[in-house]
Amino acid sequence: MTLFHPSRILVATLAYAASVSAGEIVAEREGSTLRFSIDGRPVCVYQMEPGEVPEDIHEVFRHGAHLHPIHSPSGRIVTGNHPEDHPWHRGVWMAWTKTEFDEAEPDFWNVGKDAAKTGGKPAAEVRFVELVKAWSGTETAGFTSRHRFLDHSRGEERAVLDETWEVSVSTGIFDGIAANVIDLASTQVCAGGKPLRLPEYHYGGLGVRGNPAWDPTDAVAMLTCEGHDRVSGDATTARWVHLGGLVDGEPTGFAILIHPSNFRFPQPLRLNPKHPQLSVAPSQGGEWSIEPGMPYVSRYRFVVFDGDPKAEWIEARWREYAR
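**Q** I'm lost on the nonpolar core in this one. Help?
**A** Burial of nonpolar side chains together is a common tendency in soluble globular proteins. Residues F36, Y46, F143, L206, V208, I256 and F302 are the most contacted members of the largest nonpolar core, which totals 55 residues. Those residues in contact with L206 that lie beyond four places of it in its chain are V92, W93, M94, W109, L184, I256, L278, S279, V280, Y300 and F302. Among the nonpolar cores identified, the runner-up in size contains 26 residues, and F108, W109, V126 and L198 belong to it.

**Q** Would you take a moment to explain the environment of T164 for this structure?
**A** In this structure, T164 sits in strand β9 (residues 158-174). Exposure remark for T164: the relative accessible area of 25% places this residue in the partly exposed category. Here the alpha-carbon distance between T164 and V189, two residues 25 residues apart in the chain, equals 8.8 Å.

**Q** How do you make sense of the pattern of salt bridges when you look at a structure like this?
**A** Think of it this way: side chains of opposite charge can pair up when their charged atoms draw near. The final tally for this structure, using the stated rule, is 21 salt bridges. A salt bridge links R127 to E157; the nearest nitrogen and oxygen atoms lie 3.0 Å apart. With R127 in strand β7 (residues 124-135) and E157 in the loop between β8 (141-151) and β9, the pair connects residues that are 30 residues apart, well separated along the chain. In this structure R127 comes out as partly exposed when scored by relative accessible area, which is 32%. Residues R317 and E320 are paired through a salt bridge, measuring 2.7 Å at the closest nitrogen-oxygen approach. With R317 and E320 both in helix α2 (residues 311-322) and three residues apart, the pair spans about one turn of that helix. Judged on exposure class, the residue R317 and its partner E320 are both buried. Each of D102, D151, R158 and K194 takes part in a single network of salt bridges with overlapping partners.

**Q** I tried to follow the layout of surface pockets on my own but got confused; where do I start?
**A** Over the atoms rolls a probe the size of a water molecule, and its path tells where empty space is left. Taken as a whole, the second largest pocket holds about 270 Å³ of empty space. Taken together, the residues that form the lining of the second largest pocket break down as six nonpolar, three polar and six charged.

**Q** For this particular structure, what's the right way to read the pairing of strand β6 (residues 92-95)?
**A** The side chains of a regular strand alternate between both faces of the sheet. Every second residue of β6 is oriented toward a common face, with V92 and M94 on one face and W93 and A95 on the other, all of them buried. Bridge count for β6 against strand β12 (residues 205-209) is four bridges, and the pairing is antiparallel. Paired with W93 across the strands is G207, a residue of β12.

**Q** What am I meant to see in unusual backbone geometry here?
**A** Across residues other than glycine, the phi torsion is negative in most instances, and most of the peptide bonds are trans. Here H68 and P69 are connected by a cis peptide whose omega angle stands at -5°. Within the secondary structure, P69 sits in strand β5 (residues 66-70). The residue after F265, namely P266, is reached through a cis peptide bond having omega -10°. With respect to the helices, strands and loops of the structure, P266 is situated in the loop between β16 (250-258) and β17 (267-271).

**Q** So what exactly am I meant to see when it comes to the environment of H147 here?
**A** With respect to the helices and strands, H147 occurs in strand β8. For H147, a relative accessible area of 1% gives the class buried. Taking the C-alpha atoms as reference points, H147 and V126, 21 residues apart in sequence, are found 6.6 Å from one another. Once residues within four sequence positions are removed from consideration, H147 is found in contact with Y46, A65, V126, R127, F128, V129, L161, D162, E163 and W165. Side chain to side chain, H147 and Y46 meet in a polar contact 2.7 Å long.

Reading the values: rules and limits
- Residues numbered from 1 in each chain as written.
- Predicted model: local features only at pLDDT ≥ 70, side-chain atom pairs only at ≥ 80, totals over all residues.
- Heavy atoms only, no water.
- Core = buried A, V, L, I, M, F, W, Y, C linked by side-chain atoms within 4.5 Å.
- Buried < 20%, exposed > 50% of the residue type's maximum accessible area, 1.4 Å probe, protein only.
- Contact = heavy atoms within 4.5 Å.
- Helix = DSSP H or I, 4+ residues; strand = E, 2+ residues; numbered from the N terminus.
- Salt bridge = Lys/Arg side-chain N within 4 Å of Asp/Glu carboxyl O.
- 1 Å grid on protein atoms, 1.4 Å probe; cavity = no way out; pocket = protein on both sides within 12 Å on 5 of 7 lines; lining within 4 Å.
- Points joined across faces, edges and corners; volume = space filled by probe spheres on them.
- Nonpolar A, V, L, I, M, F, W, Y, C, P; charged D, E, K, R; others polar.
- Pairing = 2+ DSSP bridges.
- Polar contact = N/O pair within 3.5 Å; in protein donor to acceptor, adjacent residues only side chain to side chain.

So, in structure tokens, the structure goes:
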């Protein structure tokens, strides 16, 4: 078994050359959401408590602790939520799929999938706990929040992991291309004295679901730093991956940049062959665990832009992030 034992927590900094918009990036709490905008233009939304579901989706799939919608500079939405094929997919989220905790095997990814069949409650969930702080600013805005991974499979609520999200939001012009930038740092610690064991599995970790306009198999495109598409790139490792397609007839999408301090960097990818969905999945590399007293820290940057992806441009953004 390979155990993850980071010796220190690295602090990522925003160190990219950009021409930042003069408008203030505003963080505004509205009910169970925290909304970010600049000059009235939406950038992204953090869903805290579980939101509402569409009429044709079971109530058990109400969920929170994720980002959706995320917008491009033109205002086009690049994320999806509650798709009919996988109603537990939720914009951008963090969750583990195949796990072992004590004698249980809680699945924090497919939340509600079991309960929709039985009419009960989900056997596991990732729950929003609190918004620690949120701020607006002329260069960056952001928030810090806490989530809890809970196992209900034994008829009682058992805390497995406590997670902190630190998110910053900015916007700029990079080599002539406008982009919205979201930095996500997730720190997960064991909630008690027992580890969360993570057997080898092909997905789980960072989850991303694309715009429903990309649901047809031929409507979504994926590109990795090694030049792979969604077929050849599945089960490969990468520094970055792009997900995109046409929205309102125009190309748009976002690049997910993977920080070099992350466990098993360059990290393994799961590129869904049927749907506009991907996962950055360290468990592909073999069994490991999150141990008591050993925080698991992972960092990602989302660069959201309009137009077709250019590998050289995305690579330059990754190098700025890596510094």
